[in-house]
Amino acid sequence: MSAPTTNQKLLDWVAEVAEMTTPDNIVWCDGSKEEYDRLMVQMCESGMAIKLNEEKRPNSFAFNSDPSDVARVENRTYIASLKEEDAGPTNNWIDPVALKETMKGLYKGCMKGRTMYVIPFSMGPIGSPIAKNSIELTDSPYVVVNMHIMARVSTDVLRLIEKEDTFIPCLHSVGAPLAEGQADSRWPCAPIEDKYIAHFPEENLIWSYGSGYGGNALLGKKCLALRIASAMAGREGWMAEHMLILRFTNPEGKQFHIAAAFPSACGKTNLAMLQSTVPGWKVETIGDDIAWMKPGADGRLYAINPEAGFFGVAPGTSEGSNPMALASIEENAIFTNVVVTEDKDVWWEDMGYDCPGGGGIDWKNNPWKQADGEKGAHPNSRFTAPAAQCPVICDAWEDPAGVPIDIFVFGGKRTNTMPLVHEAFDFEQGVYMGATASSEPTAAALDLGNVSLRFDPFAMTPFIGYHAGDYMQHWFDMGETLGDKAPRCFYVNWFRKTDDGKWLWPGFGENSRVLKWMCDRVEGKVEARETPIGLMPIDGDLTLDGLDIPAEDWAELMKVDNGLFKATLEDAKAYLAKFGDKLPAKMTEQMAKLEARLNA
Ligand code: SAT
Ligand code: MN
């Protein structure tokens, strides 16, 4: 096939990679439906994909990965900056020259027997001033079809690359060359010790080897849109964050745009698609995972969702937890590592009903019966679905200009200490809140001994493409740039429990009550009371109408226990110590101020 571009940089790079990896064919992708359908037919024929029941789940397919290749591999993920100090204490650093030698050895001949796909894609609406043009080279057709949904794959991107003479190169291989006549496996990949998810931030370059799964292989997502983009944003004065974006509209039609960062398993996708229980207030989804934000001409901060689809965790997704996500995956969806039922539909744990027919084929591709008690879907099994299929997608979700952010929300999972909601006194304290966002360790991590809290600054720990101390400083710098137009900052905790283990807050749709209080604060409709940790609702302002929350539970949800906060502050100090002299002075200042307020 002749190359559909005249851009010399791109042609040279494709030729260079092809020479190194020796694929049997090169296919330039165009993002068309015909291309998607053709690859799905091929993958069904080869046994990699299962076509689902056309009546129940039109145009949808299921895949089972290799049992060793089910999630991001953080211990094989590298930030290969020139200087180690630029990767910082939260990343695995490796010398870029040495790493390239190692990886070139692995890449040599690695696409033999396979097709190399050239995927032109844009993160963000094509041509948006906030978007980025990129090319992924991959030998995985699974990656191609997922990229069709998650990014904007189009030959229009080639035209932009020709015009601008620049693109972000992403190289991916499953790392499983085929010898002459060798049959392919269902899910080719390399052993863990040969997997590398490598980022070269000074070159805006991504090299991934050995995994076919999710964030290791769909390089537009965490690799580009967070790790490389955060490093670019730090240099260029914008923000790439692990945040959902939603629009919240009040009964008078006034719109508020909220960007929220939570660590995994804290319900980001659920909040993004929340069904408001506050009469007349409505939530619309703009994104569920990543936000790219730039100051606009009016001085406000404008956000786009760089993705085009949802790559969501399947288990736990049900009519009760997230009906909008279920509606988004009714058709044209890809499922990875879920149960395929006897009538060729999908099922997972906590889907809200038992597996129809009692069983099917489990995520390991074996016959499975629910009654036997083993999990049928992998806990990290996923759905891939076009964002446009979400019934509450916002009409502005593809606006190239983005939406102006009014509110930042940070949070984590704490069964104690953190109240339901508090507001920062100012943006700098907001940065401190985001930078010290923490969750209690899960049961598995409790074995770690005296680790009392897990800190996850801005829910970005595995995704900051440079030194986390410099990244925190960048947040303060953005505050200076934005001045009084900076978003207001809030911290929430949906996960408070009583001493005997009862949830204090109903969560899910009722979280809209908390969002409404934030909007009322922004509008100046309600005052707040000062506490040592920040501003909190005056009783009655955060409406509890129709909820059955006893007064003592409400008092507990709103309690600020200075002793517990001092303990959390000590944990934060211990965590932040590892940033050494890269810890921004403003962080130290915030800690001193908090300590003084707690002691007053
Ligand atoms: O696998 S992904 O990185 O795309 C999703 C996730 O782990 O958050
Ligand atoms: Mn995520």
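Residues numbered from 1 in each chain as written. Chains lettered and ligands numbered in written order. Predicted model: local features only at pLDDT ≥ 70, side-chain atom pairs only at ≥ 80, totals over all residues. Heavy atoms only, no water.

Looking at an unreviewed UniProt entry, the protein carries the name Phosphoenolpyruvate carboxykinase [GTP], with the source organism given as Pontiella desulfatans. What UniProt states about the protein under its Subcellular location (unreviewed entry) heading is, verbatim, "Cytoplasm". The UniProt entry for the protein carries this comment under Catalytic activity (unreviewed entry): "oxaloacetate + GTP = phosphoenolpyruvate + GDP + CO2". (UniProt positions renumbered as here; feature names shortened; annotations may be inferred.)

**Student:** So what's going on with the pairing of strand β7 (residues 132–138)? Which residues, and what values?
**Tutor:** Burial analysis of β7 places seven of its seven residues in the buried class, the great majority of the element. Of the two faces of β7, the one holding K132, S134, E136 and T138 and the one holding N133, I135 and L137 are both buried throughout. Sheet topology places β7 next to strand β9 (residues 168–173); five bridges connect them, and they run parallel. Paired with E136 across the bridge in β9 is C170. (Buried < 20%, exposed > 50% of the residue type's maximum accessible area, 1.4 Å probe, protein only. Helix = DSSP H or I, 4+ residues; strand = E, 2+ residues; numbered from the N terminus. Pairing = 2+ DSSP bridges.)

**Student:** Can you lay out the sheet that holds strand β21 (residues 346–347) for me, pointing to particular residues and giving the numbers?
**Tutor:** The strand order β21-β20-β22-β23 describes an open sheet built from four strands, whose pairing is antiparallel. Of all strands in the sheet, those bounded by a partner on one side alone are β21 and β23 (367–369).

**Student:** So what's going on with the side chain of H474? Residues and values would help.
**Tutor:** Relative to the assigned elements, H474 resides in helix α12 (residues 468–482). Not counting residues up to four positions away in its chain, the partners in contact with H474 are A233, G234, G237, W238 and Y466. (Contact = heavy atoms within 4.5 Å.)

**Student:** Just give me the short version of the site of ligand 1, but keep the residues and values in it.
**Tutor:** Taken together, R72, G214, G215, K221, K222, F311 and R382 make up the full set of residues adjacent to ligand 1. Here an oxygen atom of ligand 1 and a backbone polar atom of G215 are 2.9 Å apart. K222 places a polar side-chain atom, nitrogen or oxygen, 3.4 Å from an oxygen atom of ligand 1. Those elements that provide at least two residues to the shell around ligand 1 are α6 (214–217) and α7 (220–236). Here the residues of the shell around ligand 1 sort into one nonpolar, two polar and four charged. (Near = heavy atom within 4 Å. Polar contact = N/O pair within 3.5 Å; in protein donor to acceptor, adjacent residues only side chain to side chain. Nonpolar A, V, L, I, M, F, W, Y, C, P; charged D, E, K, R; others polar.)

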